[in-house]
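Observations on the three-dimensional arrangement
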Amino acid sequence: MRLNKKIIKKLRNEIHEKDKSLNSLKKIKKWYKNIIKKSNTKVIKINLSECRNWQISNKNIKHKTNKFFKVEGIRVIKSYNREVSSGWDQPILTEPNFKGGILGLLRKEINGAPHYLINAKFEPGNYKLIQLSPTLQSTFSNISRAHKGAETRLLKYFTNPNKNNCKIIFKQWFSEEGGRLKNKRNLGMLINHQSKKKIIIDEDYTWVTLKQIKELILENAIVNPHLRSLVSFL
């Protein structure tokens, strides 16, 4: 589902509208710093053989459920216009069916102005561990709860938009970086919540305007690549 030119123009004009933001940029930055401070999350390096629920063989490294991703070796026989023309060998990450997950951004009018719901999300490889991310950023393995953990928050708005007073503005597959990820794609979605009903959110979520997202992108490495991708056409 592609955006038409009228919708693109309307969304882009949001940046130039009178400021009616729910939260000031200063308040958003303070919220983000507080989330990092109170998270108390630590990531330490361990030996591959110590990774619980992961199986290591000469062929690959994979999760015992065959979900999430696997690490396998590839050989490039001939490369096109690269630094090494003869090709090379390398490990690469492969996800089931080459499909990563859903990257979704929820839009809603608040105080007479369009706002977008973002998440201060932890990932073990993130710079500073927590970065500003889309409303929904979840692999299909996580969505299916292969991890045996909690359900993906706010998922219903993206999997059943019509039943949850939402209209799809944009829905399209995004390609991922191919140097380390094999043929991976993520389903990018932008949806608009059309009801006046309040959406209940946890403390690691907040509402921002499109202009504020653009301003936050200019900060040093606090907005993650998926949120940048979702607003790249605006």
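Now for a look at the structure at hand. (Residues numbered from 1 in each chain as written. Predicted model: local features only at pLDDT ≥ 70, side-chain atom pairs only at ≥ 80, totals over all residues. Heavy atoms only, no water.)

Section: the pairing of strand β7 (residues 130-133)
Inclusion rule: The buried label goes to any residue with under 20% of its type's maximum accessible area, the exposed label to any with over 50%, and the partly exposed label to all in between, with areas taken from a 1.4 Å probe on protein chains only. Put simply, DSSP marks the helices as runs of H or I at least four residues long and the strands as runs of E at least two long, and each gets a number from the N terminus on. Note on pairing: DSSP must find at least two bridges between two strands before they are called paired.
On β7, burial covers both faces: Ile130 and Leu132 on one face and Gln131 and Ser133 on the other are all buried. Pairing of strand β6 (residues 113-122) with β7, which is carried by 4 bridges, proceeds in the antiparallel orientation. In the sheet register, Ala120 faces β7, and the bridge partner there is Leu132.

Description of unusual backbone geometry
The phi dihedral of Phe68 is positive, around 65°, even though this residue is not glycine. Within the element layout of this structure, Phe68 appears in the loop between β2 (60-63) and β3 (70-76). Looking at Phe68, the relative accessible area reads 15%, which means it is buried. With a phi angle near 65°, Lys128 is a residue other than glycine that sits in the positive phi range. On the secondary structure map, Lys128 appears in the loop between β6 and β7.

A few points about the nonpolar core
The test is simple: By nonpolar core we mean a set of buried residues, namely Ala, Val, Leu, Ile, Met, Phe, Trp, Tyr and Cys, connected to one another through side-chain atoms within 4.5 Å. Here, two residues are considered to be in contact whenever any of their heavy atoms come within 4.5 Å of each other.
The biggest cluster of nonpolar side chains holds 27 residues, and the ones touching the most others in it are Trp31, Leu105, Tyr116, Ile118, Leu132 and Leu190. Sorting the residues of this core by element identifies α2 (25-39), β5 (99-110), β6, β7, β9 (166-175), α5 (210-217) and α6 (225-230) as the ones contributing at least two each. Counting residues per element, this core draws most heavily on α2, at 4 residues. The residues touching Trp31, leaving out its near neighbours within four places in the chain, are Ile118, Ala120, Leu132, Glu203, Asp204, Tyr205 and Thr206. If you look at the next biggest cluster of nonpolar residues, it comprises 16 residues, including Ile110, Leu155, Phe158 and Cys166.

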